[in-house]
Amino acid sequence: MRDVITAIIILVLIISISVTFYCLSMNFCNDMSENLLLAKEAVEAGDYTLAAKYSQNCIDILEKSNLWLSAMANHEELNSIKTGILRAQQFIAFGDDEETMAELGEVSGLINHFAASEQISVENIF
Amino acid sequence: MIITFIRTIILYLLVVFSMRIMGKRTIGELQPYELVIDIMISDLATVPMQSTDFPLLSGIIPILTLITLEIFMSYLSLKSRKIRRVLCGEPTTVIKNGEINYKNLKKLRFAHTDLLEELRQGGCDDVKEVKRAVVETNGKLSILLKKENSPLTKADAIKIFSNKDGKK
């Protein structure tokens, strides 16, 4: 009976960790997507200061979520997101419109992919 | 490198913990589903151990889930005979009164030569000497020899000597 109680505790722990991580990752993806969208709009409007601010927001969100994110997500995927934003920041600093938009688009794609792979769906299960 | 080292220690401790929970049985004594879980746990632990790209939790969560499932299954099979039958199967008689049951042997996909080999390993040279041979749920063959072929026990010896003394 002691083993069964241990198993129940472990199971509850696993479920709560999974649910917490799911909620955290969804919030992370929403925040990131929002800031990336705002950065894109700022670049389109030619406001590079604002674009730099939003891209910095993305880096801040990433840094803040780093602890739990690296415990959950594939590290290669996270590295791609981070280098993508850093590259976009450099393009913003040099005022390169096309490269900035391409880079921000790529990071948005990675974020969307991350969110999609965390969704509880039949496709993901199978 | 140091990351791999630390990860290996963590996963090693987890695997030891899981094996400890699984019980004290050796591989030969494991039920089929327990053996499957053992293999899966060892395989799951190696992936995040080798590759630092995978988060540690991607190994820990499935291992812990398997352990809990194993505990629940063991508990349920202990409580219900039906569940035990589904999970572990039932012992199958392959020899009865010196006669091989080929139908059961075929069901188990057990070759005639394998059976003879198992009998020899069990210290029996002739099928006719066997009263009953059963393939247990863990795959081991239990052999029960006929009374005239079974070794002398203390009870037999007492019986023989008491009879002798009685005659005197």
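Above this text you will find the structure in question.
Residues numbered from 1 in each chain as written. Chains lettered and ligands numbered in written order. Predicted model: local features only at pLDDT ≥ 70, side-chain atom pairs only at ≥ 80, totals over all residues. Heavy atoms only, no water.

Engineer: Which residues make up the overall build of chain A, and what values go with them?
Structural biologist: Counting secondary structure elements, chain A contains 5 helices and 0 strands. The secondary structure elements of chain A, listed N-terminal to C-terminal, are α-α-α-α-α. Its C-alpha atoms give chain A principal-axis dimensions of about 65 × 30 × 20 Å. Split into buried and exposed, the 126 residues of chain A put 35% on the buried side. For chain A, the share of sequence-separated contacts (at least 6 apart) that also reach a separation of at least 24 residues comes to 69%. Accessible surface computed for chain A: about 7,400 Å², of which carbon and sulfur atoms make up 59%. (Helix = DSSP H or I, 4+ residues; strand = E, 2+ residues; numbered from the N terminus. Buried < 20%, exposed > 50% of the residue type's maximum accessible area, 1.4 Å probe, protein only. Contact = heavy atoms within 4.5 Å. Areas by Shrake-Rupley, 256 points an atom, 1.4 Å probe, with all protein chains shown as cover.)

Engineer: A description of a positive patch on the surface should follow, citing residues and the corresponding values.
Structural biologist: On the surface, B:K96, B:K131, B:R132, B:K147 and B:K159 cluster together to form a positively charged patch. Checked against the element boundaries, B:K147 lands in the loop between β4 (141–145) and α7 (154–167). (Patch = residues over 30% accessible without salt bridge, like charges linked within 9 Å, V, L, I, M, F, W, Y side chains within 5 Å. Salt bridge = Lys/Arg side-chain N within 4 Å of Asp/Glu carboxyl O. Lys, Arg positive; Asp, Glu negative; His and termini not counted. Charge placed at Lys NZ, Arg CZ, Asp CG, Glu CD.)

Engineer: How would you explain a negative patch on the surface if you had to name every residue and give the values?
Structural biologist: A surface patch of negative charge is lined by A:D96, A:D97, A:E98 and A:E99. Residue position: A:E98 is located in helix α4 (residues 97–118).

Engineer: Would you mind going over the packing of helix α1 (residues 2–44) of chain A against helix α3 (residues 57–79) of chain B in detail, with residue names and values included?
Structural biologist: At their nearest, the axes of α1(A) and α3(B) sit 9 Å apart, and the two run at 145° to each other. Crossing angle aside, the handedness with which α1(A) passes α3(B) is left-handed. Within the contact between the two elements, α1(A) uses A:D3, A:V4, A:A7, A:I8, A:I10, A:L11, A:I14, A:I17, A:S18 and A:F21 and α3(B) uses B:L57, B:I61, B:L64, B:T65, B:T68, B:I71, B:F72 and B:Y75. (Axes fitted to C-alpha atoms, helices over the stretch in contact; angles between N-to-C directions. Left-handed = near helix turned anticlockwise from the far one by under 90°.)

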